[in-house]
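# Survey of secondary and tertiary structure
Residue strings, one per chain:
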Amino acid sequence: MTDWSQIETWDRSYYLHNTQAKSEHQFAAVDRQDGNYIVLADGTRLLDFQSQLISDSLGHRNPGVYDEIRRAMDRYGHVFFGMANEYRARAAKLVIEDILGSSSPHWAGRMRVLASGTEAVENAITMARLFTGRQVVLTQSHSFHGLTVGATMLRGYRNNVTPADSPDAVRDVPGFPTAGYIPVPAPERQDWSGNDILPSLAATEAMIRAVGPENIAAIITEPMLGAGGLPAHKDYLPGIFELSRKYGFLWIDDEVLCGFGRLGEWFGYQLSPGIHPDIMAVGKSINGSSMPVGAVIASTEISEFIEGARWWSGSTWDGHPIVCASIVGALETMLRENLLSQVRSRGAYLKDKLDDLASRHPCVGHVGGHGLFYAVDMVKGDGTPIIAEDRWTGFTGDLSQHPNNIVAGECAKRGIFLGGFVPNTIKVGPPFTITEEEIDTALAAFDEALTVVDNTYC
Ligand SMILES: Cc1ncc(COP(=O)(O)O)c(C=O)c1O
């Protein structure tokens, strides 16, 4: 039996925690995870309706993934990148040939397996700079690409700190803006109804001209902003693709959160026919987040450039056999069980139910998304965001009255793990293995939580 009070003492004393100051830290310990459920140390069973960080897409400890990991562990420990292993080759073949091989136009050349989505982004940016010989990377407001010294400088949420003695202050990581990164506006929302070019695209084009396309290595975008919970208008990504072709720089598509099925296609960019990235960063759903993982996928042209050269790159963990086995297990499970079509059908069921909630709750301003990822934006009675800073938040002050935290608390009381990152937005992203009955259960709790927000703010 685990002695949870001892564990709490050690955790509070020695672990370096994320996002909460020690004075406000809540000890929410997980005892075990099964399928779509999390069991806490006190015995509480929660339906994981946001797949942890919109990451654990196949449910917890999916048998198809874990059986492959077990088989791999009977043969392999760690193999460094200078030697091949069976699973590295099988994982790359599955992605490049079986999943991307039939994409039209055909663009993907090679994949490298890494230890995190952040590393995938870092590799993508380095490759873009090496290939083009240029430095500047354009990056969207409200986007999230990771929190390392390089990736954190992409515009959006940047690893900043609110010191314990000044809860209304925010100390940014010194050095921003870093030479080489220039923010462009976030996409317009789903409900843009103008006939002209999207305002965000027009502003991005003006920025490209001001910076000078000859200085721009790439633009990096998310298909649907994950941390920011922001779906783009259907014309946005095609517009970004066209700008990259018109001005001759690369398009890096960060699919770490949306890739491998989350939006109902293998990759989010495939919601827009005829476009394709030059480099793609992936992670999370590539192995259902069963192991720390990321991967970078390069076009045939960039792959040939890298492969024809000696690229002095690499980490101890590149192509790790057990991680690659987890990818093989996850992707073969997705293909065998046709989980992509399940994401589409369960997603349509979920979207109908969310639209119904929106029609009944004054605090729901907007529901947008695809597949099994929806952002629900909450507003005041007059339709304006409840927390005025909205996606520009610095996470300062009293966070307990932020509507995302109210919803998270009310849902947890009712056995549902569901919340959001930015203050006014709930990110609904259940695992691909969710059932219709579980969707009903989760949305009944969400319904009641939204009534609390209605009563508080509308
Ligand atoms: C779009 C996007 N890019 C990159 C990352 C960073 O990935 P990781 O947390 O695996 O380092 C994330 C993580 O949430 C993400 O959502």
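Residues numbered from 1 in each chain as written. Predicted model: local features only at pLDDT ≥ 70, side-chain atom pairs only at ≥ 80, totals over all residues. Heavy atoms only, no water.

### Describing the overall build of the protein
Heads up, the rule is: Only DSSP runs of H or I covering at least 4 residues are called helices, and only runs of E covering at least 2 are called strands; the numbering of each starts at the N terminus. Classification of residues uses two cut-offs on accessible area relative to the type maximum, computed with a 1.4 Å probe and protein chains only: under 20% is buried, over 50% is exposed, and between them is partly exposed. It only takes one pair of heavy atoms within 4.5 Å for two residues to be counted as in contact.
Looking only at helices and strands, one finds 12 helices and 16 strands in the protein. Structurally, the protein occupies a C-alpha span of about 60 × 55 × 45 Å along its principal axes. Scored against the burial criterion, the 458 residues of the protein give a buried share of 51%. Look at the contacts in the protein between residues 6 or more apart in sequence, and 73% of them connect residues 24 or more apart.

### Quick notes on helix α4 (residues 86-99)
Just so we agree on the cut-off: For a helix, the expected span equals 1.5 Å multiplied by the number of residues minus one. Fitting axes to the seven residues that end at a residue and to the seven that start at it, the angle between those axes gives the bend at that residue. A 3.5 Å cut-off defines polar contacts: any pair of N or O atoms within that distance qualifies, except that in protein one atom must be a possible hydrogen donor and the other a possible acceptor, and neighbouring residues in sequence count only when both atoms are side-chain atoms.
Under the 1.5 Å per step criterion, the end-to-end length of α4 is 19 Å for 14 residues, consistent within 8% with the ideal 20 Å. Along α4, the largest kink reaches about 30° and is centred on K93. Within the span of α4, buried status applies to Y87, A91, L94, V95, I96 and I99. Residues of α4 that are buried in the fold lie against α3 (63-73), β4 (108-114), β12 (294-299) and α9 (321-336). Put simply, N85 is the residue that caps the front of α4, since its side-chain oxygen is 3.0 Å from the backbone nitrogen of Y87.

### A look at the nonpolar core
The following threshold applies: Working definition of a nonpolar core: buried Ala, Val, Leu, Ile, Met, Phe, Trp, Tyr and Cys residues. They are joined through side-chain atoms within 4.5 Å. Annotation comment: domain bounds sourced from an automatic or database domain assignment.
By size, the foremost hydrophobic cluster in this structure holds 90 residues, and its most contacted members are F49, I286, I297, L354, V428 and F446. Residues lining this core come from more than one domain, with at least three contributed by each of domain 1 (4-61 + 338-457) and domain 2 (65-336). Filtering out sequence-adjacent residues up to four positions away, F446 remains in contact with L354, L357, V376, V407, C411, L418, I426 and V428. Formed by 21 residues, the second largest nonpolar core is a distinct cluster that contains Y181, A217, L250 and I279.

### Thoughts on the site of the ligand
Filter applied, for reference: Being near a molecule or strand, for a residue, comes down to having at least one heavy atom within 4 Å of it. Residue exposure ignores everything except the shown protein chains as possible cover, and the areas themselves are Shrake-Rupley values with a 1.4 Å probe. Amino acid classes used here: Ala, Val, Leu, Ile, Met, Phe, Trp, Tyr, Cys and Pro are nonpolar; Asp, Glu, Lys and Arg are charged; the rest, including Gly, are polar.
Contacts to the ligand come from S116, G117, T118, F144, H145, G146, E222, D254, V256, L257 and K284. Between the ligand and the protein, one listed contact pairs an oxygen atom with a side-chain N or O atom of T118 at 2.5 Å. In this structure, D254 approaches the ligand through a side-chain N or O atom, which is 2.6 Å from a nitrogen atom. Burial of the ligand by the surrounding chains reaches 81%, relative to a free accessible area of 390 Å². The residue inventory of the shell around the ligand, partitioned by class, reads 3 nonpolar, 5 polar and 3 charged.

### A short note on the packing of aromatic side chains
Any two aromatic rings considered together are summarised by their centre-to-centre distance and by the angle between their planes. What counts, and what does not: Two rings belonging to Phe, Tyr or Trp (six-membered ring only in the last case) form a pair when the distance between their centres is within 6.5 Å. Interplanar angles under 30 degrees mark stacking, angles over 60 mark edge-to-face geometry, and anything in between is tilted. In this analysis the charged atom, NZ for Lys or CZ for Arg, is taken to sit over a ring once it is within 6 Å of the ring centre and within 35 degrees of the ring normal.
The final tally for this structure, using the stated rule, is 9 aromatic pairs. Ring centres of W107 and Y269 lie 6.2 Å apart, and the angle between their planes is 80°; on these two criteria the pair is classed as edge-to-face. In this pair, W107 sits in the loop between α4 and β4 while Y269 sits in the loop between β10 (250-254) and β11 (279-283), placing the two residues 162 residues apart along the sequence. A relative accessible area of 3% means that Y269 is categorised as buried. An aromatic cluster is defined as three or more aromatic residues linked by ring pairs; in this entry it consists of W107, F260, W266, F267 and Y269. Geometry around Y37 places R45 over its ring, the cationic atom sitting 3.9 Å from the centre. In this arrangement the basic side chain of R129 is found over the ring face of Y181, its NZ or CZ atom lying 5.0 Å from the centre.

### What to know about the pairing of β10
Definition in use: In this analysis, strands are considered paired if DSSP registers two or more bridges between them.
Counting buried residues in β10 gives 5 out of 5 residues, a clear majority hidden from the surface. Burial along β10 is two-sided: L250, I252 and D254 facing one way and W251 and D253 facing the other are all buried. Bridge count between strand β7 (residues 216-221) and β10: 4 bridges; the pairing is parallel. Its bridge partner lying in β10, T221 is registered against D253. When β10 meets β11, the two strands line up parallel, connected through 3 bridges. Bridge assignment links D254 to a residue of β11, and that residue is A281.

### A few points about the pattern of salt bridges
Test applied: By definition here, a salt bridge exists when the distance from a side-chain nitrogen of Lys or Arg to a carboxyl oxygen of Asp or Glu is within 4 Å.
If you walk through the whole model with that rule in mind, you get 25 salt bridges. With a closest N to O distance of 2.9 Å, D98 and K93 form a salt bridge. We classify D98 as partly exposed; its relative accessible area is 34%. For K93, a relative accessible area of 40% corresponds to the partly exposed category. One salt bridge in this structure joins E265 and R344, with 3.6 Å as the shortest N-O distance. Of the two residues, E265 is situated in the loop between β10 and β11 and R344 in helix α10 (residues 339-360); the sequence distance between them amounts to 79 residues. Exposure remark for E265: the relative accessible area of 24% places this residue in the partly exposed category.

### Digging into the domain arrangement of the protein
Which entries qualify depends on this criterion: Buried area is calculated as the accessible area (1.4 Å probe) missing from two parts once they are joined, with the contributions of both summed.
With domains assigned, the protein is organised as domain 1 (4-61 + 338-457) and domain 2 (65-336). Each of domain 1 and domain 2 has a C-alpha centre, and these two points are 24 Å apart. Facing 38 residues of domain 1, the contacting portion of domain 2 comprises 39 residues. Between domain 1 and domain 2, roughly 3100 Å² of surface is buried when both sides are summed, and carbon and sulfur atoms account for 60% of that area.

### Some words on the packing of α3 against α9
Describing two packed helices takes the angle between their axes plus the distance from one axis to the other. Quick note on the threshold: In this analysis, axes come from line fits to C-alpha atoms, helices being fitted only over the stretch in contact, and the angle between any two N-to-C directions falls in the range 0 to 180 degrees. In this scheme the handedness of a crossing depends on how the near helix is turned from the far one: anticlockwise by less than a right angle means left-handed, clockwise means right-handed.
Here α3 crosses α9 at 145°, and the two axes come no closer than 8 Å. When you trace α3 past α9, the crossing you get is right-handed. From α3, G64, V65, E68, I69, A72 and M73 reach across to α9, where they touch I322, A325, S326, V328, G329, A330, E332, T333 and R336. Its residues assigned to classes, the contact of α3 with α9 shows 8 nonpolar, 4 polar and 3 charged.

### Regarding the packing of helix α6 (residues 199-211) against helix α7 (residues 236-247)
Rules: Under this scheme an angle from 65 to 115 degrees is roughly perpendicular, one under 35 degrees roughly parallel, and one over 145 degrees roughly antiparallel; angles in between are oblique.
At a closest axis distance of 10 Å, the pairing of α6 and α7 adopts a crossing angle of 20°. Our classification of the angle between α6 and α7 gives roughly parallel. The element α6 and its partner α7 pack so that their crossing is right-handed. Two secondary-structure elements touch here, α6 through S200, L201, T204, E205, I208 and R209 and α7 through Y236, G239, I240, L243, K246 and Y247.

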